[in-house]
Amino acid sequence: MDFGNCWTAQTSNGYEWHGEDATGSNENSVNTGPFYDNTSFGQAGGVYLYAEASSPAAAGDKAYLMSPEIDLAQSSHPKMTFHYHMYGVNTGTLEVEISDNGGSGWQSLYSISGEQQTSGASAWNSKSLDLTGFTGVVQVRFVATRGAGYEGDICLDDISIQNDPPSCAAPINLNVLNTTFNSALLTWTDLNSAQVFK
């Protein structure tokens, strides 16, 4: 299944990723899933992705959401950000993996298990992953593992991979040379070539 921007879903069982419109109430199974997407939280009409935990999905089934190949060669500080919603007493595991060898091997970047929200109205959680250890062409995938029952939809929204260089490195070698009751003389080493300090 193709979700646009060349993201695709892969499954070998009844557990799979779907797109869902957010109406502001629970549309599918009760006691699982968000009422709103993350982008326009609190307003109906958004869209998100979810791994459907209802039958024919069974405990331990896996659903894969695959990115296209992404070239990080020009990114000095690549970062991946996404939002997730995991409401339901049977929520399984969400894992993020990356491959830098054409998909022949995958490395885990992040994993979280169990219920993370307390209701469908709960806000989404955000996660950022530093990808600076990877160069060249990579592929990312989300792996949802179904829990013990249908009350365990795993949901994703607002996935992005972008260059995120540090905006301002902290100064080093801070020294206090002289202090009085209303002044202090400080020195430091600036790593940013700043001209004005506030």
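Our structure is the block above this text.
This structure is a prediction, so every number in the text was calculated from the model and none was measured. Residue indices begin from 1 for each chain and proceed along its sequence in written order. Local features are withheld for residues below a pLDDT of 70 in this predicted model, meaning they are given only at 70 or higher, and side-chain atom pairs are given and counted only at 80 or more; totals for whole chains, interfaces and linings count all residues. With hydrogens and water stripped out, all remaining heavy atoms of the structure feed into the side-chain values.

*Asks:* Even after reading the chapter, I still don't get the overall build of the chain, so can you show me in this structure?
*Replies:* Strands here are runs of E lasting at least two residues and helices are runs of H or I lasting at least four, both read from the DSSP assignment and numbered beginning at the N terminus. A count of helical and extended segments in the chain gives zero helices and 13 strands. Its helices and strands in sequence order give the chain the pattern β-β-β-β-β-β-β-β-β-β-β-β-β, from N to C terminus. Just so you have it, the chain exposes about 10500 Å², and 48% of that area is on carbon and sulfur atoms. Using a 1.4 Å probe, accessible areas were evaluated by the Shrake-Rupley method; residue-level cover was limited to the displayed protein chains.

*Asks:* Is there a simple way to think about the nonpolar core in this case?
*Replies:* Soluble globular proteins: nonpolar side chains tend toward being buried together. Here, nonpolar core refers to any group of buried Ala, Val, Leu, Ile, Met, Phe, Trp, Tyr and Cys residues whose side-chain atoms link them within 4.5 Å. Only protein chains enter the calculation, and the probe is 1.4 Å; a residue is then buried if its accessible area is under 20% of its type maximum, exposed if over 50%, and partly exposed in between. Trp17, Phe82, Leu94 and Phe142 are the most contacted members of the largest nonpolar core, which totals 30 residues. When residues of this core are traced back to their parent elements, those giving at least two are strand 3 (46-51), strand 4 (62-66), strand 6 (78-85), strand 7 (93-99), strand 8 (107-113), strand 10 (137-145) and strand 11 (154-163). Counting residues per element, this core draws most heavily on strand 10, which supplies four residues. The next biggest cluster of nonpolar side chains, apart from the first, holds five residues, and it includes Ala22, Tyr48, Trp124 and Cys155.

*Asks:* How do you make sense of the side chain of Glu151 when you look at a structure like this?
*Replies:* Relative to the helices and strands, Glu151 is located in the loop between strand 10 and strand 11. We treat Lys and Arg as the positive residues and Asp and Glu as the negative residues; His and chain ends play no part in the count. In what follows, salt bridge is the name for a side-chain nitrogen of Lys or Arg lying within 4 Å of a carboxyl oxygen of Asp or Glu. Buried charged residue Glu151 carries no salt bridge. Nearest counter-charge: Arg146, at 10 Å. Contacts are assigned to residue pairs that have any heavy atoms within 4.5 Å of one another. Ignoring any residue separated from it by four or fewer positions in sequence, one finds Glu151 in contact with Val30, Asn31, Thr32, Gly88, Val89, Asn90 and Thr91.

*Asks:* Got a minute to help me understand unusual backbone geometry in this structure?
*Replies:* Note: most peptide bonds trans; most residues except glycine with negative phi. The linkage connecting Ser55 with the following residue, Pro56, adopts the cis geometry, with an omega of 20 degrees. Tracing the sequence through the fold places Pro56 in the loop between strand 3 and strand 4. One non-glycine residue, Asn31, lies in positive phi territory at about 65 degrees. Following the sequence through the fold, Asn31 ends up in the loop between strand 2 (17-22) and strand 3. One non-glycine residue with positive phi stands out, namely Asp158, at about 50 degrees. Look at Asp158 and you get partly exposed, because its relative accessible area is 30%.

*Asks:* Help me understand the packing of aromatic side chains in this model?
*Replies:* Aromatic rings considered in pairs are described by the distance between their centres and by the relative angle of their planes. Between 30 and 60 degrees the pair is tilted, below 30 it is stacked and above 60 it is edge-to-face, where a pair is any two Phe, Tyr or Trp rings, Trp via its six-membered ring, whose centres lie within 6.5 Å. Counted under the stated rule, the structure contains seven aromatic pairs. Judged by centre distance (6.1 Å) and plane angle (35 degrees), the rings of Trp7 and Phe142 are tilted. Taken as a pair, Trp7 in the segment before strand 1 (8-11) and Phe142 in strand 10 lie far apart in primary sequence, 135 residues in all. For Trp7, a relative accessible area of 14% translates into the label buried. Judged by relative accessible area, Phe142 falls into the buried class, the value being 0%. For the pair Phe82 and Tyr110, a centre-to-centre distance of 6.3 Å together with 65 degrees between the ring planes defines the contact as edge-to-face. Residue Phe82 is located in strand 6, and its partner Tyr110 is located in strand 8; the two are separated by 28 residues in the primary sequence.

*Asks:* Honestly, the side chain of Ser122 in this entry has me stumped. Any pointers?
*Replies:* Among the secondary structure elements, Ser122 is positioned in the loop between strand 8 and strand 9 (125-130). A distance of 3.1 Å separates a polar atom in the side chain of Ser122 from the backbone nitrogen of Ser119. Under this definition, polar contacts are N or O atom pairs within 3.5 Å; protein pairs additionally need one hydrogen-donor-capable and one acceptor-capable atom, and for neighbouring residues in sequence, both atoms have to be side-chain atoms.

*Asks:* Got a minute to help me understand the pattern of salt bridges in this structure?
*Replies:* A side chain of one charge can pair with a side chain of the opposite charge if their charged atoms are brought near each other. One pass over the full model with this rule turns up one salt bridge. The shortest N-O distance in the salt bridge between Arg141 and Glu97 comes to 2.5 Å. Taken together, the residues Arg141 in strand 10 and Glu97 in strand 7 connect sequence positions 44 residues apart. Here Arg141 and Glu97 have matching classes, each one buried.

These figures come from the coordinates and say nothing about function on their own.
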